[in-house]
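# Summary of structural features
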Amino acid sequence: VRGLLPGLVVGQTDQMPEDLLTAMRDSGLSHLSAVSGGNISIVLIVWLAVLRGVRVRRGRWQILALALGVVAYVVVVQPQPSVDRAALMSLAALGAQMLGWGMRPLGVLAGTVCVLVLVDPFLAVSPGFAMSVLATCALCVVANRRSKSQGGSLVHRMLVGVASAGVCAIAATIVVAPVSVIFGNGVQVGGIVANVLAEPAVFPATISGLLAGVVGW
């Protein structure tokens, strides 16, 4: 569907037909058309590849360029609770890397939440912000355990990667479920399978959308 790509890339869903929006919501895939940490990660990967392509090597200049890329992307998509959370976490991590500090993902998440709620107290009652924070917390825990299981043969790493994708979907669904139920969205159990199947297509689709947006601009 033509209107899906702007949703994946910059969160613009005005071109998506109502039946597609309903289908994505019923299958637990509506988060794909809401800009979040996944989009920020993809933007960082693409921008990093561009910087290395023009021979901007590791160091402060590369980190500063990456930070500017995050800020520029936030300006394009406009501030939203999940975007602000993901962007601030990214900037904190980049700042820590520049200063040579060691930071744990859950610590970065906790600090980010504190800063954002102090700046905008209404985020404390925002369901979108709550679900974004809870899902990120679950992913941080899974990623921490995943990093401890590195190694082994290629087949073993592939199997662990597939299993991790399933665990991520299950963990995010479980921790977000209470907030989703409270605000009347229910729990899409089938969304776990849908997310695992859809995830491999999200990365190339978002990259192609970013490139198309730049070329079109």
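Residues numbered from 1 in each chain as written. Predicted model: local features only at pLDDT ≥ 70, side-chain atom pairs only at ≥ 80, totals over all residues. Heavy atoms only, no water.

Along its length, the protein chain carries nine helices and zero strands. A compact globule built from 217 residues would reach a C-alpha radius of gyration of about 17 Å, and the protein chain, at 18 Å, matches this within 12%. Based on the C-alpha atoms only, the size of the protein chain along its principal axes is roughly 45 × 45 × 45 Å. Burial analysis of the protein chain (217 residues in total) assigns 35% to the buried set. Counting only contacts in the protein chain whose residues sit at least 6 apart along the sequence, the fraction spanning at least 24 positions is 64%. For the protein chain, the computed accessible surface area is about 12,900 Å², with 70% contributed by carbon and sulfur atoms. (Helix = DSSP H or I, 4+ residues; strand = E, 2+ residues; numbered from the N terminus. Rg over C-alpha atoms; globule rule 2.2 N^0.38 Å. Buried < 20%, exposed > 50% of the residue type's maximum accessible area, 1.4 Å probe, protein only. Contact = heavy atoms within 4.5 Å. Areas by Shrake-Rupley, 256 points an atom, 1.4 Å probe, with all protein chains shown as cover.)

Another point: helix H5 (residues 81-99). Residues three or four positions apart in an α-helix share a direction because the helix packs 3.6 residues into each turn. For H5, with 19 residues, the first-to-last C-alpha span of 27 Å sits near the 27 Å given by 1.5 Å per residue. Residues of H5 that are buried: Ser82, Val83, Arg85, Ala86, Ala87, Met89, Ser90, Leu94 and Ala96. Backbone geometry just downstream of H5 places Gly100 in the positive-phi region, at approximately 75 degrees. (Expected span 1.5 Å × (residues − 1).)

Now for the nonpolar core. In terms of nonpolar packing, the biggest core is built from 23 residues, with Ile40, Val70, Tyr73, Val77 and Leu210 touching the most fellow members. Of all the secondary-structure elements, those providing two or more residues to this core are helix H1 (4-10), helix H3 (37-53), helix H4 (60-77), H5 and helix H9 (191-216). It is H4 that contributes the most residues to this core, eight residues altogether. Dropping the residues within four chain positions of it, Val77 is found in contact with Val10, Val35 and Val83. (Core = buried A, V, L, I, M, F, W, Y, C linked by side-chain atoms within 4.5 Å.)

Glancing now at H9. At Ala198, H9 is deflected by roughly 40 degrees, the largest bend along its length, and proline Pro200 occurs up to four residues later in sequence. Taken residue by residue, H9 has Gly191, Ile192, Ala194, Asn195, Val202, Ala205, Thr206, Ile207, Gly209 and Leu210 as its buried positions. On its buried face, H9 is in contact with H1, H3, H4 and helix H8 (154-182). (Bend = angle between axes of the 7 residues up to and from the residue.)

Segments scoring low in pLDDT should not have their predicted coordinates read at a detailed level. Per-residue confidence for the protein chain gives a mean pLDDT of 83, with 94% of residues at or over 70. When pLDDT is averaged over each element of the protein chain, helix H6 (residues 105-119) comes out on top at 92 and H8 at the bottom at 77. (pLDDT = per-residue confidence, 0-100.)

A few words now on the side chain of Asn195. By the secondary structure assignment, Asn195 is in helix H9. Polar side-chain contacts of Asn195 include one of 3.1 Å to the backbone oxygen of Gly28. Discounting chain neighbours no more than four positions away, the residues touching Asn195 are Gly28, Leu29, His31 and Ala169. (Polar contact = N/O pair within 3.5 Å; in protein donor to acceptor, adjacent residues only side chain to side chain.)

Axis separation between H5 and H6 bottoms out at 9 Å; the angle between their running directions is 125 degrees. If you check the angle between H5 and H6, you find them oblique. By crossing handedness, the relation of H5 to H6 is classed as right-handed. Facing H5, whose interface residues are Asp84, Arg85, Leu88, Met89 and Ala92, H6 presents Pro105, Val108, Leu109, Thr112, Val115 and Leu116. Taken together, the residues that form the contact of H5 with H6 break down as eight nonpolar, one polar and two charged. (Axes fitted to C-alpha atoms, helices over the stretch in contact; angles between N-to-C directions. Parallel < 35°, antiparallel > 145°, perpendicular 65-115°, else oblique. Left-handed = near helix turned anticlockwise from the far one by under 90°. Nonpolar A, V, L, I, M, F, W, Y, C, P; charged D, E, K, R; others polar.)

Turning to a positive patch on the surface, a few remarks are in order. On the surface, a cluster of positive charge is made up of Arg52, Arg55, Arg57 and Arg58. The residue Arg52 is located in helix H3 in this model. (Patch = residues over 30% accessible without salt bridge, like charges linked within 9 Å, V, L, I, M, F, W, Y side chains within 5 Å. Salt bridge = Lys/Arg side-chain N within 4 Å of Asp/Glu carboxyl O. Lys, Arg positive; Asp, Glu negative; His and termini not counted. Charge placed at Lys NZ, Arg CZ, Asp CG, Glu CD.)

Here the focus is the environment of Val215. By the element assignment, Val215 lies in helix H9. In this structure the C-alpha to C-alpha distance between Val215 and Val83, which are 132 residues apart in sequence, comes to 24 Å.

The next thing to look at is the state of the cysteines. Counted under the stated rule, the structure contains zero disulfides. Here Cys114 stays unpaired: no disulfide links it, and the sulfur of Cys137, its closest cysteine neighbor, is 13 Å away. Overall, Cys114 belongs to the partly exposed group, its relative accessible area being 47%. Free cysteine: Cys140, not disulfide-bonded; nearest cysteine sulfur from Cys137 at 6.6 Å. With relative accessibility at 12%, the residue Cys140 sits in the buried group. (Disulfide = S-S within 2.5 Å.)

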